[in-house]
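Residues per chain, in single letters:
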Amino acid sequence: MQMTTATVFLASQLASLMLASQLITGVVLADDATTIVDSPAYRDATRAAQVRTADLLARMTLDEKLAQVSCIWLQKENILSADGSFSAQKMAASFPHGIGCIARPQDRVGLDAPGKRQARDASDTVQLVNAIQSHLLNDTRLGIPALFHEEGLHGYQARDATVFPQAIALASTWDPQLVERVYAIAAREIRARGAHHVLSPVVDVARDPRWGRIEETFGEDPLLVSAMGVAAVRGFQGTTLPLASNKVLTTLKHMTGHGEPESGMNVGPAHVSERTLREVFFPPFKAAIQQANAASVMASYNEIDGVPSHVSHFLLQDVLRNEWGFDGLVVSDYFAIDELVSRHGVAADALDASIQAMVAGIDLETPDPTAFPLLRDAVLDGRLPEAVLDRAVSNVLMAKFQATVFETPYADAEYAEAITGNASARELALDAARKAITLLKNNDNLLPLNAENISRIAVVGPNANETILGGYADVPRQAISVLAGMQARVGDSVRIDYAEGSRITEGRSWWDDPVTFVDSADNHKRIRKAVAVARKADVIVAVIGGNESTSREAWAEAHLGDRASLQLLGEQQALIEALVATGKPVVAVLIHGRPLAIPEVIDGAAAVLDGWILGQETGTAIAEVLFGDYNPGGKLPVSIPRSVGHLPVYYNHKPTSRRGYVDADTSALFPFGYGLSYTTFEFAAPAVDRKTLAWDTDIEVTIEVTNTGKRAGDEVVQVYLRDPVSSITRPVKALVAFRRIHIKAGQTQQVTLTVPFDALSFVGPDMKETIEAGDFELMVGADSQTHQRLTVTLPMREP
């Protein structure tokens, strides 16, 4: 039955390739595909990518096809010498038919210690890439170069590359234009080292903060995630294909339901309905594909309704290709095909897993050729139609032509060194960090601090003298801690004393498997020292939160990153209580990857800044905000819970949710979209262009916002919608439009936001998008709880 489904699915894709093949003149094919008498069309850059793909596919042997759907990462030892340089002899022996993809050329993974996980600099990476490409182009039968891929979650994951704020912090900017610029720099740095493909962005909607990968996401709201995802794709890829010389192909991760796993544990089953998939988890993927032409998609590790994503015809064929019209590359997540056997138990062995995955729609196995090479026998004995393999190979080749890998296989080491982490990249990293910082509390306008009125500041906390960079980051050219940033800001005018206060873990590695928490007694000694320092200060800045060990991807049972609690670790709560007890004003600066349930800290501190993970310029940005050089304007991309017991806490819940607890308030500690400023804003009554709506016509919402304070600042105007009566239950509200604006003190700005007509739609009883006539409530304001309402009416459609 699967084969029949696959054959039907393949028909439309292969038909276009057959047509392209007919356009190629002079092709004579032998049974062994070795006799070619024409001038190769696939080498002609003036031909369309589809024509070049069909020509090249027609020339390939079975072994050459299988090579193109395979990748190398941990098996780099099979192509490298002991010193890490490329070995043509080893490559020819291990991969005589070439290779489709090579993962992460910037690292030395796969070599024996001490080479494991050692990073290459720009020159070393370029030298390796160029050597491999030269071999593939000149010493293999067809001369097919590899598609190198890298990671770029919040900047290129490579030595010396620019580390921007983590994705959750970028989402806090509510500024898609900024996000597009960030990923354009990441693309430039990746492409400069010879890679044409990036495994980013993550467009999972995250609805469980226990999940360690929530820091990799753009938050809990489908519209916000969609806007940021589209911006990221445009930054990486540009707006045209084939790629420009400073762009890379993108990969949307991870399709789908990944962001609400059972128990908050990575890879756990996603217990979500088809309707929830369509209304919450699908929209960012659909938007990135249809609005930004994302080049590839990665299937997710998890299962939905008993079907792992890597063998889901519904996800990879019915929805992705048939409904959304996606014609790009589908890649496996790392080792996920093997896990169909080892974790999910839906395949008897690696060959069975390979057949199921490829038939379902996986085109490229990553990161190593452990499963797909086994398909050779399956093709020869008929268990896998060669047409299915041809589909996968075609998608890999199309990606290479779209990425111009044949025309631009080599990189320039001198250029790569010059642009990696350069001044313009650092300035953008600083600007992104500034815009991400969110002011959560500011009693008595303690902030900004006035250096002229302060003689001594105590800077304490486990994250004060560390620059937390988050997952998927390497060591940048510079990294500035909060302590260093504050010292640079005040110079000798204010004395700054430092105390660690507490320590969360022994080391803070994202890579190392064990997480070792610090002895409580040792931390209490640190707390006593910190209190002694704090008593001498006029104000205390406590830099607390988490680190790379406490919020990260849990990729194995021995490498965990999800949490059962959302409280502070490492006696940090005791540290804050002791600091507050000194009677000195405490400014809490949160640096962390996941939402933290810390009502006691919020109550005790006089002011609270949330930075999430701000990247290499953390210290400079925090110092600028603390002393008023920059007015914070970030907004929360997720709701902050009061405790784990309050989960789920996302704002766009159904009407029957959150009825009440006998022992606790049901509201979020801070709502989605929340953020304060050093100035104040007043929203006038909103207006719409028409209160009686017209079918298929967008809604224009206008509001005047006045800066009633004494300094310029940023505000984010947010529009939410509620459908109070519908045939299917609807959320109490859903974000439908937003814009970050800058207003000078005393000035008023009129803002007009467009609410797309499709925002009125929902998935009806038949699982199809529908819009029903009736009243709709629009809510306009500064966050998901503070807004003004107006009602619009959609009349019955005329027959």
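Structure first, text after, so check above.
Note that the structure is predicted; figures quoted are calculated from it, not measured. (Residues numbered from 1 in each chain as written. Predicted model: local features only at pLDDT ≥ 70, side-chain atom pairs only at ≥ 80, totals over all residues. Heavy atoms only, no water.)

K.L.:
Explain the overall build of the protein residue by residue, including any values.
P.N.:
Looking only at helices and strands, the protein features 21 helices and 25 strands. Taken over C-alpha atoms, the radius of gyration comes to 27 Å for the protein, in line with the 28 Å a tight globule of 799 residues would show. With the C-alpha coordinates of the protein rotated into their principal frame, the extents come out at 85 × 75 × 45 Å. Within the protein, buried positions represent 62% of all 799 residues. (Helix = DSSP H or I, 4+ residues; strand = E, 2+ residues; numbered from the N terminus. Rg over C-alpha atoms; globule rule 2.2 N^0.38 Å. Buried < 20%, exposed > 50% of the residue type's maximum accessible area, 1.4 Å probe, protein only.)

K.L.:
Please provide a residue-by-residue account of the environment of A429, values included.
P.N.:
Relative to the elements of secondary structure, A429 occurs in helix 16 (residues 423-436). The exposure class assigned to A429 is buried, which follows from its relative accessible area of 1%. Sequence spacing of A429 and K76 is 353 residues, and the spatial spacing of their C-alpha atoms is 32 Å. If we ignore the near neighbours within four places in the chain, the residues touching A429 are T162, V163, F164, P165, Q616 and E617. (Contact = heavy atoms within 4.5 Å.)

K.L.:
How would you sum up the sheet that holds strand 14 (residues 586-591)? Please name residues and give values.
P.N.:
Taken in spatial order, the six strands make up an open sheet running 10-15-14-13-11-12, and their pairing is mixed. The open sheet has two free edges, formed respectively by strand 10 (438-442) and strand 12 (495-499), since each of these has just one partner strand. Strand after strand, the sheet turns through a mean of 20 degrees between neighbouring axes, direction not considered. One ladder, built from four bridges, connects strand 11 (residues 456-460) with strand 13 (residues 539-545); its direction is parallel. Each bridged residue has a counterpart across the sheet, and for V460 the counterpart in strand 13 is A542. (Pairing = 2+ DSSP bridges. Axes fitted to C-alpha atoms, helices over the stretch in contact; angles between N-to-C directions.)

K.L.:
Quick rundown of the pattern of salt bridges? Include the residues and the values.
P.N.:
Following the criterion strictly, the structure yields 45 salt bridges and no others. Between R47 and D44 there is a salt bridge, with the nearest N and O atoms lying 3.7 Å from each other. Here R47 falls in the partly exposed class, since its relative accessible area comes to 33%. Overall, the relative accessible area of 27% leaves D44 in the partly exposed class. The shortest N-O distance in the salt bridge between D629 and R489 comes to 2.6 Å. Highlighted residues: D629 in the loop between helix 21 (618-626) and strand 16 (681-683) and R489 in helix 17 (residues 482-490), separated in sequence by 140 residues. Taken together, the shared-partner salt bridges connect R181, E427, D431, R434 and E624 into one network. (Salt bridge = Lys/Arg side-chain N within 4 Å of Asp/Glu carboxyl O.)

K.L.:
Talk me through empty space enclosed by the protein; I want residue IDs and the actual numbers.
P.N.:
The rolling of a water-molecule-sized probe over the atoms marks out the regions of remaining empty space. Enumeration over the complete set of coordinates arrives at four cavities of 30 Å³ or more. Its boundaries defined by the atoms lining it, the largest cavity holds a volume of some 60 Å³. Of the residues contributing to the lining of the largest cavity, the split by class is four nonpolar, eight polar and two charged. (1 Å grid on protein atoms, 1.4 Å probe; cavity = no way out; pocket = protein on both sides within 12 Å on 5 of 7 lines; lining within 4 Å. Points joined across faces, edges and corners; volume = space filled by probe spheres on them. Nonpolar A, V, L, I, M, F, W, Y, C, P; charged D, E, K, R; others polar.)

K.L.:
Lay out the state of the cysteines in plain terms, naming residues and giving numbers.
P.N.:
Structurally, a disulfide amounts to a covalent bond that connects the sulfur atoms of two cysteines. The final tally for this structure, using the stated rule, is one disulfide. Each disulfide pairs two cysteine sulfurs, and for C71 the partner residue is C101, the sulfurs being separated by 2.3 Å. Of this pair, C71 sits in strand 1 (residues 71-72) while C101 is found in strand 2 (residues 101-103), placing the two residues 30 residues apart along the sequence. This pair shows no difference in class: C71 is buried, exactly as C101 is. (Disulfide = S-S within 2.5 Å.)

K.L.:
Talk me through the packing of helix 7 (residues 176-192) against helix 8 (residues 222-237); I want residue IDs and the actual numbers.
P.N.:
Put simply, helix 7 and helix 8 touch, their axes get as near as 7 Å, and they point 35 degrees apart. For the crossing formed where helix 7 meets helix 8, the hand is right-handed. Judged by residue contacts, P176, V179, E180, Y183, A184, A186, A187 and I190 of helix 7 engage A227, M228, A231, A232, R234, G235 and F236 from helix 8. Tallied by class, residues from the contact of helix 7 with helix 8 come to 12 nonpolar, one polar and two charged. (Left-handed = near helix turned anticlockwise from the far one by under 90°.)

K.L.:
Which residues make up the pairing of strand 3 (residues 147-150), and what are the values?
P.N.:
Taking every second residue as pointing to the same face, both faces of strand 3 are buried, with L147 and H149 on one and F148 and E150 on the other. In this structure, strand 2 lies alongside strand 3, joined through three bridges in parallel fashion. Looking at strand 3, one finds that C101 is bridged to L147.

K.L.:
Can you tell me about the side chain of N463, naming the residues and giving the values?
P.N.:
In this structure, N463 sits in the loop between strand 11 and helix 17. Looking at N463, its side chain comes within polar contact range of the main-chain oxygen of G546, at 3.0 Å. Within the structure, N463 has its side chain in polar contact with the backbone oxygen of I591 (distance 3.2 Å). Setting aside chain neighbours within four positions, we find N463 in contact with I468, I504, V543, I544, G545, G546 and I591. (Polar contact = N/O pair within 3.5 Å; in protein donor to acceptor, adjacent residues only side chain to side chain.)

K.L.:
Would you mind going over helix 21 in detail, with residue names and values included?
P.N.:
Since there are 3.6 residues in each turn of an α-helix, residues three or four apart along the chain are aligned in direction. When you tally the buried positions in helix 21, you get eight out of nine residues, the bulk of the element. Looking at helix 21, one finds that the buried residues are T618, G619, A621, I622, A623, E624, V625 and L626. At its buried positions, helix 21 is contacted by helix 16, helix 17, strand 13, strand 14 and strand 15 (607-612). Among the residues trailing helix 21, G628 stands out with phi positive, at a value near 80 degrees.

K.L.:
Please provide a residue-by-residue account of the packing of aromatic side chains, values included.
P.N.:
Overall, the coordinates contain 17 aromatic pairs when judged by the stated rule. Note on Y42 and F406: the rings are 6.2 Å apart at their centroids and 70 degrees apart in plane angle, and the pair reads as edge-to-face. Here the residue Y42 occupies a position in the loop between helix 1 (2-23) and helix 2 (49-59), and F406 occupies one in the loop between helix 14 (386-402) and helix 15 (413-419), the gap between them amounting to 364 residues. Relative accessible area serves as the criterion here: at 2%, Y42 is assigned to the buried category. On the basis of relative accessible area, F406 is assigned to the buried category, the value being 12%. Here the aromatic residues W174, Y651, F672, Y720 and F738 are joined through ring pairs into a cluster of three or more. Between the NZ or CZ atom of R207 and the centre of the ring of Y650, over which it lies, the distance is 3.8 Å. (Phe/Tyr/Trp six-rings, centres within 6.5 Å; stacked < 30°, edge-to-face > 60°. Lys NZ or Arg CZ within 6 Å of the ring centre and 35° of its normal.)

K.L.:
Give a description of the packing of helix 8 against helix 9 (residues 274-290) that names residues and reports values.
P.N.:
Direction vectors running N to C along helix 8 and helix 9 enclose 20 degrees, while the axes themselves pass 8 Å from each other. Classified by the interaxial angle, the pair formed by helix 8 and helix 9 is roughly parallel. Crossing of helix 8 against helix 9: the hand is right-handed. For the pair helix 8 and helix 9, contact is made by P222, V225, S226, V230 and V233 and by E279, V280, P283, P284, A287 and A288, respectively. (Parallel < 35°, antiparallel > 145°, perpendicular 65-115°, else oblique.)

K.L.:
Tell me what's going on with helix 12 (residues 350-360), and back it up with residues and numbers.
P.N.:
With nine of 11 residues buried, helix 12 is to be regarded as a mostly interior element. Looking only at helix 12, the buried set comprises L351, A353, S354, I355, Q356, A357, M358, V359 and A360. After helix 12 finishes, the residue G361 shows a positive phi value of roughly 135 degrees.

K.L.:
Can you break down the sheet that holds strand 4 (residues 197-198) residue by residue, with the values?
P.N.:
One open sheet accounts for four strands, arranged 1-2-3-4; its pairing is parallel. Both edges of this open sheet fall to strand 1 and strand 4, since each of them pairs with a single strand only.

K.L.:
Describe the layout of surface pockets, and please don't skip the residues or the numbers.
P.N.:
Looking at the second largest pocket, its volume works out to about 500 Å³. Tallied by class, the residues present in the lining of the second largest pocket amount to 14 nonpolar, three polar and 10 charged.

K.L.:
Summarise the side chain of T420; cite the residues concerned and give the values.
P.N.:
Considering the arrangement of structural elements, one finds T420 in the loop between helix 15 and helix 16. For T420, a relative accessible area of 2% corresponds to the buried category. A polar side-chain atom of T420 sits 2.5 Å from the main-chain carbonyl oxygen of A416. Once residues lying within four places of it in the same chain are set aside, the contact partners of T420 are D160, A161, E189, R193 and R477.

Note that all results are geometric; they support no functional claim without further evidence.
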